[in-house]
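Geometric and topological summary
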Amino acid sequence: LMPGLMGILQSEAAGGSGREGAALAGRAMECVSCIADAVGEENFGRDAAAVMEILMALHARFSQGDEQNFSYLLQACSRIAACMGSAFTPYLEHLMPSIFAYAELDPKLDMVAADGDEGEDDGEAAVMVIKGMGKMRVSINIKALEDKALGFSMISAMAENLKEHFLPYVKRSA
């Protein structure tokens, strides 16, 4: 499996292969990291450097605006960090700024007076009666909230998996 998955990831790192290729690359990242998690450091070790080289190339590319697979990449790195342990430390300096950026996202909670035309309830906004304020339309950016939660989850996973190697990032994490 690994050679085929690596080929998909290399193709995406080399410049992408359109929307369908990007979706396939996201799933390939997920598969590679699940394999790493399943087989452990001893067996994954021979592929770890090559996998991380490709993931770091993808990270550089996704950091410049291609967010479609960024959450797959971060989650894959979390699983691989759990597998590799302290050997994952050199990649932290590249990943942590992105992880902190996710954790610092503002989900833009907004409350405005609800007028007679309430529109559709699309899951991101709801009209409710708030004591002392009347009918209010409360909305939140769900994607930003999910990304923020991913950032916090990643910080927690990195701290748990890398233990003392995470120390340089503890202060910013607090």
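Just above, that's the structure.
What you see is a predicted model, and the numbers here were worked out from it, not measured in a lab.

Criteria and thresholds
- Residues numbered from 1 in each chain as written.
- Predicted model: local features only at pLDDT ≥ 70, side-chain atom pairs only at ≥ 80, totals over all residues.
- Heavy atoms only, no water.
- Helix = DSSP H or I, 4+ residues; strand = E, 2+ residues; numbered from the N terminus.
- Rg over C-alpha atoms; globule rule 2.2 N^0.38 Å.
- Contact = heavy atoms within 4.5 Å.
- Areas by Shrake-Rupley, 256 points an atom, 1.4 Å probe, with all protein chains shown as cover.
- Core = buried A, V, L, I, M, F, W, Y, C linked by side-chain atoms within 4.5 Å.
- Buried < 20%, exposed > 50% of the residue type's maximum accessible area, 1.4 Å probe, protein only.
- Expected span 1.5 Å × (residues − 1).

Turning our eyes to something else, we now look at the overall build of the chain. When its secondary structure is counted, the chain shows six helices and three strands. Since a compact globule built from 174 residues should have a radius of gyration of about 16 Å, the 20 Å found for the chain marks it as more spread out than a globular shape. With the principal axes as the frame, the chain shows a C-alpha extent of 65 × 40 × 30 Å. Considering only intrachain contacts with a sequence separation of at least 6, the fraction spanning at least 24 residues in the chain is 67%. Approximately 9800 Å² of the chain is accessible, and the part contributed by carbon and sulfur atoms is 54%.

Judged by nonpolar contacts, the single largest core of 43 residues is most densely connected at Phe44, Phe88 and Met158. Taken together, the elements giving at least two residues each to this core come down to helix 1 (2-13), helix 2 (18-62), helix 3 (70-84), helix 4 (92-103) and helix 5 (142-162). Ranked by residues supplied to this core, first place goes to helix 2 with 14 residues. In contact with Phe88, other than residues within four places in its own chain, are Met52, Cys77, Ile80, Ala81, Leu95, Met158 and Leu162.

The subject of this paragraph is helix 5. With 21 residues, helix 5 should reach 30 Å at 1.5 Å per residue; the first-to-last C-alpha distance of 30 Å fits that figure. Those residues of helix 5 not exposed but buried are Ala144, Asp147, Leu150, Gly151, Met154, Ile155, Ala157, Met158 and Leu162. Tucked into the core, helix 5 has its buried residues touching helix 3, helix 4 and helix 6 (170-173). Lys163 sits one or two residues past helix 5 and shows a positive phi near 45 degrees.

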